[in-house]
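# Survey of secondary and tertiary structure
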Amino acid sequence: QVQLVESGGGLVQAGGSLRLSCAASGRTFRRYAMGWFRQAPGKEREFVVAISWSGGTYYTDSVKGRFTISRDNAKNTVYLQMNSLKPEDTAVYYCAADPDVDVVVHDYYGINYWGKGTQVTVSS
């Protein structure tokens with residue numbers, strides 16, 4: 001069992017930065033692929049970025065060059081550094097975990113563990 005707790009969301013002006021954190025419970029964190037998803041009002045939850053257990057990264061096109069995912073296995077934490085934020089980045093951001101990175105990237109409904117989300121609001 002893995003429990004995920006997100007933090008770091010908030011209100012920021014366009015062009016600003018935020019760093020989200022996702023703290024995971026459990027001793028097997030290093031074996032899990034981790035990902036970030038987001039859901040804007042009235043829209044479906046969408047994939048943003050993922051990192052495999054070995055450090056391979058996957059980004060959706062709209063955030064490439066602006067967002068960076070990283071993980072610290074010693075701290076059981078995954079981070080999402082978000083720079084050059086845009087109003088369209090406004091959403092609730094969710095952390096996700098699964099042993100298989102392909103599931104995180106391609107099989108939304110197959111993901112084993114989710115956090116409760118943290119709100120990111122970017123003002124224009």
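Read on for an overview of the structure. All values derive from a computational prediction rather than experimental measurement. (Residues numbered from 1 in each chain as written. Predicted model: local features only at pLDDT ≥ 70, side-chain atom pairs only at ≥ 80, totals over all residues. Heavy atoms only, no water.)

### A few points about the pattern of salt bridges
Condition: Here a salt bridge means any side-chain nitrogen of Lys or Arg lying within 4 Å of a carboxyl oxygen belonging to Asp or Glu. Only protein chains enter the accessibility calculation, which uses a 1.4 Å probe; a residue is then buried when its area is under 20% of its type maximum, exposed when over 50%, and partly exposed in between.
With the rule as written, the count across this model stands at 4 salt bridges. Measuring nitrogen to oxygen at the nearest pair gives 2.7 Å for the salt bridge that ties Glu-46 to Arg-38. For Arg-38, a relative accessible area of 6% puts it in the buried group. A salt bridge links Asp-61 to Lys-64; its shortest N-O distance comes to 3.0 Å. Asp-61 gets classed as exposed once you look at its relative accessible area, which sits at 60%. In this structure, a network of salt bridges that share partners links the residues Arg-38, Glu-46, Arg-66 and Asp-89.

### A look at the layout of surface pockets
We count it as follows: Note on definitions: the grid is 1 Å and covers protein atoms alone; a cavity is a set of points where a 1.4 Å probe fits but cannot get out; a pocket is an open set with protein on both sides within 12 Å along at least five of seven lines; lining residues have an atom within 4 Å of a point. Grid points are joined across faces, edges and corners, and a volume is the space filled by probe spheres set on the points. We call Asp, Glu, Lys and Arg charged. Ala, Val, Leu, Ile, Met, Phe, Trp, Tyr, Cys and Pro are nonpolar, and the rest, Gly among them, are polar.
For the largest pocket, the calculated volume is near 170 Å³. In this structure, the largest pocket is lined by 13 residues; those nearest its centre are Arg-38, Ala-40, Lys-43, Glu-46 and Glu-88. Grouping the amino acids of the lining of the largest pocket by side-chain chemistry returns 2 nonpolar, 3 polar and 8 charged.

### What to know about the packing of aromatic side chains
Formally: Each aromatic pair joins two rings of Phe, Tyr and Trp (for Trp, the six-membered one) with centres within 6.5 Å, and gets the label stacked for planes under 30 degrees apart, edge-to-face for over 60, and tilted for any other angle. Secondary structure follows DSSP: runs of H or I at least 4 residues long count as helices, runs of E at least 2 residues long count as strands, and numbering of each begins at the N terminus.
Following the criterion strictly, the structure yields 6 aromatic pairs and no others. Ring geometry for Phe-37 against Phe-47: centres 5.6 Å apart, planes inclined by 75 degrees, an arrangement best described as edge-to-face. Of this pair, Phe-37 sits in strand β4 (residues 33-39) while Phe-47 sits in strand β5 (residues 46-51), and the two are 10 residues apart along the sequence. Judged by its relative accessible area of 2%, Phe-37 falls in the buried class. According to the relative accessible area criterion, Phe-47 is buried, its value standing at 16%.

### Thoughts on the state of the cysteines
Rules: Cysteine sulfur atoms that come within 2.5 Å of each other are treated as a disulfide pair.
Scanning the model with the defined rule gives 1 disulfide in all. Between the sulfur atoms of Cys-22 and its disulfide mate Cys-95 the distance is 2.1 Å. The sign of the -85 degrees torsion about the S-S bond sets the Cys-22-Cys-95 disulfide as left-handed. With Cys-22 in strand β3 (residues 18-24) and Cys-95 in strand β9 (residues 91-98), this residue pair connects regions lying 73 residues apart in the sequence. According to the relative accessible area criterion, Cys-95 is buried, its value standing at 0%.

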